[in-house]
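These are the residues of each chain, in order.
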Amino acid sequence: MAATPVTRFAPSPTGRLHLGHAHSALLAWEAARRAGGRFLLRIEDIDPLRCRPEYTAGILEDLAWLGLDWDGPVRRQSEHMAEYRAVLDRLAGMGLLYPCFCTRADIAREVAAIGHAPHGPDGLLYPGTCRRLPAREREARIASGQPYALRLDMAAALAHAPRWLSRIEHGTRRRCDPAQFGDVVLARKDTPASYHLCVTHDDAVQGVTLVTRAEDLAPAAELHRLLQALLGWRAPRYCHHGLLLGTDGKRLSKRDGAPTLAALREAGISAREVRDRARGSAPLATPPGG
Ligand code: GLU
């Protein structure tokens, strides 16, 4: 018999939730509730500059109003920095990380000098400047207190990864191609962790078996699959759903002022109606587990 699913909703508290979030949350909640599984809530609040406690409170309030109950305690990523540090230490011990001292301006200069600027899902691909630094210079710069990020040495990581990785496909029917991220940052200068590191770690330790999230994060799953393979973590299934569009045809986003669930509530729209709108208006890109 198939195990019951463990799903999750993992918003970043950088604003109030809108219908797009409700769509993701509902998919995860319904997938769990339909099958007698568990629905977890995780607050992805590692970015101290963009995350605010009042937005976390708003998320809890909005979900409760929508009637989406979660199982167990809420996991707040900011309370687990030591765990992310330990994962970074493991990857460093495998020789897969290097410190990067570059500023954005350094990277722009280097890219201009090379004359081409390939981009990946997270933006400009890092040209590898600090990967080539001699060990002695790295140590001297760290000792002098120069801030640094930690990057994954993608070529080394791929050499370390099992060969089956490049053959697997995701729900999106795409080959797994983590190299499209280049030497991705796994610990930022301002926050000693990164989205990719924390989300993969947390899905593993929380035993998440089905990840439902918007399709703009589909490429990230290919990188997450590499981290899972390197660290010996079980991979969940991924279901990346279509994005909800506003009446202007543009994706709903905090930045573009999409109406928040709180605003819809204040306008007298019932939770049921919001749930129906969130459920109905964006068809799934792939069926759950597809
Ligand atoms: N925290 C991410 C966001 O709010 C979602 C991460 C995920 O679902 O993997 O965009």
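Look a little higher up for the structure.
What you see is a predicted model; the values in this text were computed from it and never measured.

Q: Could you clarify how one ought to interpret the overall build of the protein chain in this entry?
A: Counting its secondary structure elements, the protein chain contains ten helices and ten strands. Here the protein chain holds 290 residues, and 49% of them are scored as buried. When contacts within the protein chain are restricted to residue pairs at least 6 apart in sequence, long-range pairs at least 24 apart make up 80% of them. Roughly 14200 Å² of accessible area belongs to the protein chain as shown, and the carbon and sulfur atoms make up 53% of that amount.

Q: Honestly, the sheet that holds strand β4 (residues 97–100) in this entry has me stumped. Any pointers?
A: Sheet strands line up and pair through hydrogen bonds in the backbone, either parallel or antiparallel. Read from one edge to the other, the open sheet built from three strands follows the order β4-β7-β8, with strand pairing classed as antiparallel. Pairing within the sheet leaves two strands with one partner each, and these edge strands are β4 and β8 (185–187). Across the sheet, the axes of successive neighbouring strands diverge by a mean angle of 45 degrees, strand direction being ignored. Where strand β7 (residues 149–152) lies against β8, two bridges are found, and the strand directions are antiparallel. In the sheet register, arginine 151 faces β8, and the bridge partner there is valine 185.

Q: For this particular structure, what's the right way to read the site of the ligand?
A: Taken together, Arg8, Ala10, Pro11, Ser12, Glu44, Tyr195, Val199, Arg213 and Leu217 make up the full set of residues near the ligand. Alanine 10 has a polar backbone atom sitting 2.7 Å from a nitrogen atom of the ligand. In the environment of the ligand, a nitrogen atom lies 2.6 Å from a nitrogen or oxygen atom belonging to the side chain of glutamate 44. Protein contacts shield 77% of the accessible area of the ligand, which totals 300 Å² for the unbound molecule. Classifying every residue of the shell around the ligand gives five nonpolar, one polar and three charged.

Q: Help me out: how do you make sense of the state of the cysteines in this one?
A: Here is the idea: a disulfide is a covalent bond, and it sits between the sulfur atoms of two cysteines. Per the stated rule, a full pass over the model turns up zero disulfides. For the unlinked cysteine cysteine 130, the closest cysteine sulfur is that of cysteine 102, found at 3.7 Å. Its relative accessible area of 3% is what places cysteine 130 among the buried residues.

Q: What should I look at first to understand the packing of aromatic side chains in this one?
A: We describe a pair of aromatic rings using the distance from one ring centre to the other and the angle between the two ring planes. The tally for this structure, following the rule as stated, stands at one aromatic pair. The ring of tyrosine 126 has arginine 151 sitting right over it, with the charged end atom 3.7 Å from the ring centre. Over the face of the ring belonging to tryptophan 65 we find arginine 265, whose NZ or CZ atom lies 5.0 Å from the ring centre.

Q: When you look at the packing of helix α7 (residues 195–205) against helix α8 (residues 218–231) in this model, what are you seeing that I'm missing?
A: For any two helices packed against each other, one specifies the inter-axial angle together with the distance between the axes. Two elements in contact, α7 and α8, have axes separated by 10 Å at closest approach and are oriented at 65 degrees. Two packed elements cross with a definite hand, and for α7 against α8 that hand is right-handed. Where α7 abuts α8, its residues Tyr195, His196, Leu197, Val199 and Thr200 lie against Ala220, Leu223, His224, Leu227 and Gln228. Residues belonging to the contact of α7 with α8 are distributed by class as follows: six nonpolar, four polar and no charged.

Q: Looking at this structure, I do not really get the pattern of salt bridges. What am I missing?
A: Any two side chains of opposite charge can pair, so long as their charged atoms come close to each other. This structure, assessed with the given rule, holds 22 salt bridges. Its salt-bridge partner being arginine 42, residue glutamate 44 comes within 3.0 Å of it at the nearest N-O pair. Taking the relative accessible area as the measure of exposure, glutamate 44 reaches 8% and is therefore buried. Classification of arginine 42 as buried rests on a relative accessible area of 0%. A salt bridge links aspartate 62 to arginine 265, with the shortest nitrogen-to-oxygen separation between them at 3.0 Å. Here aspartate 62, found in helix α2 (residues 53–66), pairs with arginine 265, found in helix α9 (residues 261–266); they are 203 residues apart in sequence, far enough to count as distant. An identical accessibility class is assigned to aspartate 62 and arginine 265; each is buried. Each of Arg8, Arg42, Glu44, Arg75, Glu83, Asp202 and Asp203 takes part in one network of salt bridges that share partners.

Q: Is there a simple way to think about the pairing of strand β1 (residues 6–9) in this case?
A: The two faces of the sheet receive side chains in turn, since in a regular strand these alternate between them. On β1, burial covers both faces: Val6 and Arg8 on one face and Thr7 and Phe9 on the other are all buried. Inspection of the sheet shows β1 paired to strand β2 (residues 38–43) by four bridges, in the parallel sense. Of the residues in β2, the one forming a bridge with threonine 7 is phenylalanine 39. Following the chain from β1 across helix α1 (residues 19–34) to the adjacent parallel β2, one finds a crossover that is right-handed.

What counts as what
- Residues numbered from 1 in each chain as written.
- Predicted model: local features only at pLDDT ≥ 70, side-chain atom pairs only at ≥ 80, totals over all residues.
- Heavy atoms only, no water.
- Helix = DSSP H or I, 4+ residues; strand = E, 2+ residues; numbered from the N terminus.
- Buried < 20%, exposed > 50% of the residue type's maximum accessible area, 1.4 Å probe, protein only.
- Contact = heavy atoms within 4.5 Å.
- Areas by Shrake-Rupley, 256 points an atom, 1.4 Å probe, with all protein chains shown as cover.
- Pairing = 2+ DSSP bridges.
- Axes fitted to C-alpha atoms, helices over the stretch in contact; angles between N-to-C directions.
- Near = heavy atom within 4 Å.
- Polar contact = N/O pair within 3.5 Å; in protein donor to acceptor, adjacent residues only side chain to side chain.
- Nonpolar A, V, L, I, M, F, W, Y, C, P; charged D, E, K, R; others polar.
- Disulfide = S-S within 2.5 Å.
- Phe/Tyr/Trp six-rings, centres within 6.5 Å; stacked < 30°, edge-to-face > 60°.
- Lys NZ or Arg CZ within 6 Å of the ring centre and 35° of its normal.
- Left-handed = near helix turned anticlockwise from the far one by under 90°.
- Salt bridge = Lys/Arg side-chain N within 4 Å of Asp/Glu carboxyl O.
- Right-handed = clockwise from strand over helix to strand, strands pointing away.

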